[in-house]
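Architecture at a glance
Here are the chains, one letter per residue:
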Amino acid sequence: MADQPLILYHYPFSPYARRLIWYLKIRGIPYCQCLQPPILPRPDLSTHLSLNYRRIPLLAHGGDLYLDTRLILNLLDTLFPPPPLTADQKTITHLLSTLTTATTLFFKAAELLPSSLPVMKDPKFLRDRATFSPATFAAPRTKEDRALSRAEALLEIQSSVRLLEETILSDGRNWVLGGKEPTRADVEGVWVIHWLLTLPPPHNDNALDPAVINKTRYPKTMAWVNRFDQFINALSGKEGRVIKGGEAAELILKGKRGGDIGVDEADPVVKVQGLKKGDVVEVFPTDTGSAFKDRGRLVGVDEKEVVWENEKGVRVHAPRLGFRVLGVKGRPSL
């Protein structure tokens, strides 16, 4: 199935999308891109594919649409297997992914975005993000509260930088797994701190206090981020071909679908709700964007993903962790 086209839905300054673009370029994996606005509405998804899910990026492979960068990166490694890793290397990669995607690290980084950034002055952007992540963008706070929250967020970012400096990078290696080029492990570890450090001047200094995070305190980590940035910049021009939403939807709706994973009847969520293949379910994230629910007929559930087919016939995949699967009472038709 690696011969099916890959279509990446994203907008250019999404830090989560960068995770995927970097990995696609590092691995030399061909793809197309369907560029999206940074705020709703996104008719390429909602109208053409009947998808309510509001987070970016998404990746289509044939007739299947994958949500969440964690699941998408696993898909890419399945379709295009990388060189074999040792057990230790797999552990490091997984732990770095957990650090940057399954903790509060990204949300703390978002709190450090300086108010001087143009998007942070855009009322449409702020209203959009308030529906997405109310705790970060909508909570009314005093100036003193905001200053304290930013200070606490900076401490958390500093802690992650110190972790890298004192453990993985402490022996002076160029890349996380010690090879000649960056791997998925570097992508998993670098994207949050890279996002803040590479904001255009002077916004980068406003995001990360240079007195706290600098080359003197953390020479190995700062050199690693700079080395990664230079490596990625050298791959400029290898981005995927841009296609329009109508063309992307046509390719997906006509694309071949992957294999059926079946419904694991021993799964705790399946068991407690008595779910069966073909039942109508609602699926939505449990952290951000949880108000945007998708409905479809259950195709498969296992410990890694849930799969459903929506009214347009698109087969949608989401990770099990961080997503809720609810059976719709009465099992109505779509």
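Throughout what follows, the structure given in this document is the object of discussion. It should be emphasised that the depicted structure is a prediction, and the values quoted were computed from it without experimental measurement. (Residues numbered from 1 in each chain as written. Predicted model: local features only at pLDDT ≥ 70, side-chain atom pairs only at ≥ 80, totals over all residues. Heavy atoms only, no water.)

Here we look at the packing of aromatic side chains
Evaluation of the coordinates by the stated rule reveals nine aromatic pairs. Consider the rings of Y11 and F13, whose centres lie 4.9 Å apart with planes at 65°: the pair is edge-to-face. Of the residues examined, Y11 reaches a relative accessible area of 9% and is grouped as buried. Classification of F13 as partly exposed rests on a relative accessible area of 36%. Counting every residue linked through ring pairs, the aromatic cluster contains Y16, F106, F107, W191 and W195. Above the ring of F292, the side-chain terminus of R54 is found at 5.7 Å from the ring centroid. (Phe/Tyr/Trp six-rings, centres within 6.5 Å; stacked < 30°, edge-to-face > 60°. Buried < 20%, exposed > 50% of the residue type's maximum accessible area, 1.4 Å probe, protein only. Lys NZ or Arg CZ within 6 Å of the ring centre and 35° of its normal.)

Some remarks on the pairing of strand β7 (residues 294–301)
For β7, the tally of buried residues reaches six of eight residues, placing the bulk of the element in the interior. Where strand β6 (residues 280–285) and β7 come together, four bridges link them in antiparallel fashion. Of the residues in β7, the one forming a bridge with E282 is R295. Both β7 and strand β8 (residues 305–309) contribute to a ladder of four bridges, which runs antiparallel. Paired with V301 across the bridge in β8 is V306. Remark: three residues form the turn of the hairpin made by β7 and β8, two consecutive strands paired antiparallel. (Helix = DSSP H or I, 4+ residues; strand = E, 2+ residues; numbered from the N terminus. Pairing = 2+ DSSP bridges.)

Some details on the packing of helix α8 (residues 143–166) against helix α11 (residues 219–233)
To describe two helices that pack against each other, one gives the angle between their axes and the distance between the axes. With their axes 8 Å apart at the nearest point, α8 and α11 run at an angle of 95° to one another. Considered as vectors, α8 and α11 are oriented roughly perpendicular to each other. On the side of α8, the interface is formed by V161, L164 and E165, while α11 contributes P219, K220, T221 and W224. When grouped by side-chain class, the residues that make up the contact of α8 with α11 number four nonpolar, one polar and two charged. (Axes fitted to C-alpha atoms, helices over the stretch in contact; angles between N-to-C directions. Parallel < 35°, antiparallel > 145°, perpendicular 65-115°, else oblique. Contact = heavy atoms within 4.5 Å. Nonpolar A, V, L, I, M, F, W, Y, C, P; charged D, E, K, R; others polar.)

Side note on the sheet that holds strand β4 (residues 64–67)
Taking strand neighbours across the sheet as the criterion, the ten strands line up as β5-β2-β1-β3-β4-β9-β8-β7-β6-β10 in an open arrangement whose pairing is mixed. What marks the edges here is a single partner per strand, and that holds for β5 (241–242) and β10 (323–327). The pairing of strand β2 (residues 32–35) with β5 spans two bridges and is classified as parallel. Looking across to β5, one finds that C32 is bridged to R241. Of the strands in this sheet, β1 (6–10), β2, β3 (58–61) and β5 are in contact with helix α12 (residues 245–254), which crosses β1 at around 135°.

Describing the state of the cysteines
The bond known as a disulfide is covalent and runs between the sulfur atoms of two cysteines. All told, the structure shown has zero disulfides when counted by the stated rule. Free cysteine C32: the closest other cysteine sulfur is in C34, separated by 9.8 Å. (Disulfide = S-S within 2.5 Å.)

Things to note about the pairing of β1
With five of its five residues buried, β1 lies for the most part within the structure. Both faces of β1 are covered, namely the face carrying L6, L8 and H10 and the face carrying I7 and Y9. Sheet analysis places β1 next to β3, joined by four bridges and oriented antiparallel. Paired with L8 across the two strands is L59, which belongs to β3. Both β1 and β2 contribute to a ladder of four bridges, which runs parallel. Bridge pairing links L8 to Q33 in β2. Following the backbone out of β1, through helix α1 (residues 15–27) and into the adjacent parallel β2, one traces a crossover that is right-handed. (Right-handed = clockwise from strand over helix to strand, strands pointing away.)

Topic: the packing of α1 against α11
As a packed pair, α1 and α11 sit with axes 10 Å apart at the nearest point and diverge in direction by 65°. By the angle class used here, α1 and α11 are roughly perpendicular. The handedness of the crossing between α1 and α11 is left-handed. Where α1 approaches α11, its residues W22, K25 and I26 are matched on the opposing element by F228, F231 and I232. Per-class residue counts for the contact of α1 with α11 are five nonpolar, no polar and one charged. (Left-handed = near helix turned anticlockwise from the far one by under 90°.)

Comments concerning the nonpolar core
Residues L76, I157 and L196 are the most contacted members of the largest nonpolar core, which totals 59 residues. Elements represented by at least two residues in this core include exactly β1, α1, α3 (69–79), α5 (105–111), α8, α9 (184–197) and α11. Here this core takes eight residues from α9, the largest share from any one element. Dropping the residues within four chain positions of it, L76 is found in contact with L6, Y23, L24, I29 and L59. In terms of nonpolar packing, the next biggest core, distinct from the first, is built from 31 residues, L67, V281, W308 and V325 among them. (Core = buried A, V, L, I, M, F, W, Y, C linked by side-chain atoms within 4.5 Å.)

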